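The chain contents come next:
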Amino acid sequence: MPAPTTELPHTGTSGRYTAVMEMDATQADHTVYRPADLSKVQGKLPVVSFGNGGCVNIGSAFKTLLGEVASHGYLAIATGPVGPEPAFPGPRQPAAGALPPAGPPPGGPPGGMPFEQAKTESLVKAIDWAIAENARKGSPYYGRIDTTKIAVAGQSCGGLQAIAVGADPRVTTVMVLNSGIIRGGIPTPDGGTRQPAGYLPASDADLPKLHTPMLYLIGGEKDQAHRGAEGDFEAIQKVPLFNANTPVGHGGTWREPGGGAMGKVAIDWLNWRLKGDAEAAKTFNGDPCGLCKDTAWTVKRKNWK
């Protein structure tokens, strides 16, 4: 049975709408975040399809961040049903192998993975569902979704899923959070590397297929994804790319109220790229850009117009 709708608290930098988290009966293998009263939403809802850290198949794993996204007038859809919070790094904690790949091999999760992992296709399925619900008479979302404004996003392993799905022509922008293509192994605190278990959602071969503006939010040099993100910055051509680092580690600030400092930047990016918000655009544009002036961040841009 689908879980009941859960109203999420207004905390931190919440938007104008009360947000709810729920499992929709028409898509019980995902978790939906939306404004509580759809009739009060100004304009249509852009879509954010989200892959969780660890590619964990628990849609409530990033409820603090996705509740914040929904409170700003978005339909956010995370892979997996509502479930217990998984055991992977929280805010400002060192990573302990939080970049496992998506898609367990036949027979269950790969060795060392204490949870079920979602397949990359789950992000595509979320987009398909949102578009279908917008067109379905009788749906609470009928005519309320902006199907021309779709973001794919994800943290850590979920960020690799977002890169893999970024080639989809329906996608408007890609947000890569504490993530990047793994080349030669995942860095370890002792200066070495370890090989990821199971399969990887994305590789260098996916980068030339990207066609939209991209945002990378990384937790500084202590973030195990830092090296991969730096490699992506060099490898990605043609599309606008904004890379921002703040020294909080691989767990980021996503479980802090409003998603913390990283959550605020992510919201500004969505508001600019999916809603055309000129004020939010100032965070990324200008010489220097708004975020460039913040000494807590190190920022670089590429293919910027």
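Residues numbered from 1 in each chain as written. Predicted model: local features only at pLDDT ≥ 70, side-chain atom pairs only at ≥ 80, totals over all residues. Heavy atoms only, no water.

Student: Would you take a moment to explain the packing of aromatic side chains for this structure?
Tutor: Aromatic rings considered in pairs are described by the distance between their centres and by the relative angle of their planes. Under the counting rule described, the total for this entry stands at 10 aromatic pairs. The interplanar angle of 45 degrees and the centroid separation of 6.4 Å between the aromatic rings of Phe242 and Trp269 together place this pair among those described as tilted. Here the residue Phe242 occupies a position in strand S11 (residues 241-245), and Trp269 occupies one in helix H5 (residues 260-275), the gap between them amounting to 27 residues. What makes Phe242 buried here is its relative accessible area of 0%. Ring centres 5.6 Å apart and planes at 85 degrees place the aromatic pair Trp269 and Trp272 in the edge-to-face group. Placement of both Trp269 and Trp272 in helix H5 is noted, with a separation of 3 residues, approximately one turn of the helix. Among the residues examined, Trp269 registers a relative accessible area of 0% and is labelled buried. The structure contains a cluster of three or more aromatic residues connected by ring pairs, namely Phe242, Trp269, Trp272, Phe284 and Trp304. Note that Arg273 overlies the ring of Trp272, its terminal NZ or CZ placed 3.7 Å from the centroid. Here Lys302 stacks its cationic end above the ring of Phe233, 5.6 Å away from the centre of that ring. (Phe/Tyr/Trp six-rings, centres within 6.5 Å; stacked < 30°, edge-to-face > 60°. Helix = DSSP H or I, 4+ residues; strand = E, 2+ residues; numbered from the N terminus. Buried < 20%, exposed > 50% of the residue type's maximum accessible area, 1.4 Å probe, protein only. Lys NZ or Arg CZ within 6 Å of the ring centre and 35° of its normal.)

Student: How do you make sense of the confidence of the model for the protein when you look at a structure like this?
Tutor: For residues with low pLDDT, the predicted coordinates do not support detailed interpretation. Chain-level statistics for the protein give a pLDDT mean of 87 and a share of 84% at 70 or above. With pLDDT under 50 throughout, residues 89-112 is counted as low confidence; its partners more than four residues away or in other chains account for 78 contacts. (pLDDT = per-residue confidence, 0-100. Contact = heavy atoms within 4.5 Å.)

Student: Where do I start with the state of the cysteines in this structure?
Tutor: Any covalent bond linking the sulfur atoms of two cysteines counts as a disulfide. Counted under the stated rule, the structure contains 2 disulfides. One disulfide bridge connects Cys55 with Cys157, the sulfur atoms lying 2.0 Å from each other. The sign of the -90 degrees torsion about the S-S bond sets the Cys55-Cys157 disulfide as left-handed. Here the residue Cys55 occupies a position in the loop between strand S4 (45-51) and helix H1 (63-71), and Cys157 occupies one in helix H3 (residues 157-165), the gap between them amounting to 102 residues. (Disulfide = S-S within 2.5 Å.)

Student: How do you make sense of the pairing of S4 when you look at a structure like this?
Tutor: The side chains of a regular strand alternate, residue by residue, between the two faces of the sheet. Within S4, 7 of the 7 residues are buried, leaving the element largely enclosed by the surrounding structure. Both faces of S4 are covered, namely the face carrying Leu45, Val47, Ser49 and Gly51 and the face carrying Pro46, Val48 and Phe50. As defined by bridge partners, S4 adjoins strand S6 (residues 145-155) across 6 bridges and the pair is classed as parallel. By the bridge assignment for S6, Ser49 is matched with Val152. (Pairing = 2+ DSSP bridges.)

Student: Quick question: what am I supposed to make of H5 here?
Tutor: Two residues of an α-helix separated by three or four positions point the same way, owing to the 3.6 residues in each turn. Under the 1.5 Å per step criterion, the end-to-end length of H5 is 21 Å for 16 residues, consistent within 8% with the ideal 22 Å. In terms of residue burial, H5 counts as a mostly covered element, since 13 of its 16 residues are buried. At the exit of H5 stands Gly276, carrying a positive phi of roughly 70 degrees. (Expected span 1.5 Å × (residues − 1).)

Student: Could you clarify how one ought to interpret the pattern of salt bridges in this entry?
Tutor: Pairs may arise between side chains of opposite charge once their charged atoms sit close together. Tallying each qualifying case throughout the model produces 11 salt bridges. With a closest N to O distance of 2.7 Å, Arg170 and Asp128 form a salt bridge. Of the two residues, Arg170 is situated in the loop between H3 and strand S7 (173-177) and Asp128 in helix H2 (residues 121-135); the sequence distance between them amounts to 42 residues. With a relative accessible area of 28%, Arg170 lands in the partly exposed category. A salt bridge links Asp168 to Arg170, with the nearest nitrogen and oxygen atoms 2.9 Å apart. One network of salt bridges, with partners in common, ties together Asp128, Asp168 and Arg170. (Salt bridge = Lys/Arg side-chain N within 4 Å of Asp/Glu carboxyl O.)

Student: How should I be thinking about the pairing of S7 in this particular structure?
Tutor: Within S7, 5 of the 5 residues are buried, which leaves the element mostly enclosed by the surrounding structure. Pairing between S6 and S7: 5 bridges, direction parallel. Bridge pairing in S7 links Val152 to Val174. In terms of handedness, the path from S6 via H3 over to S7 forms a crossover that is right-handed. One ladder, built from 4 bridges, connects S7 with strand S10 (residues 214-218); its direction is parallel. What sits directly across from Met175, in S10, is Leu215. (Right-handed = clockwise from strand over helix to strand, strands pointing away.)

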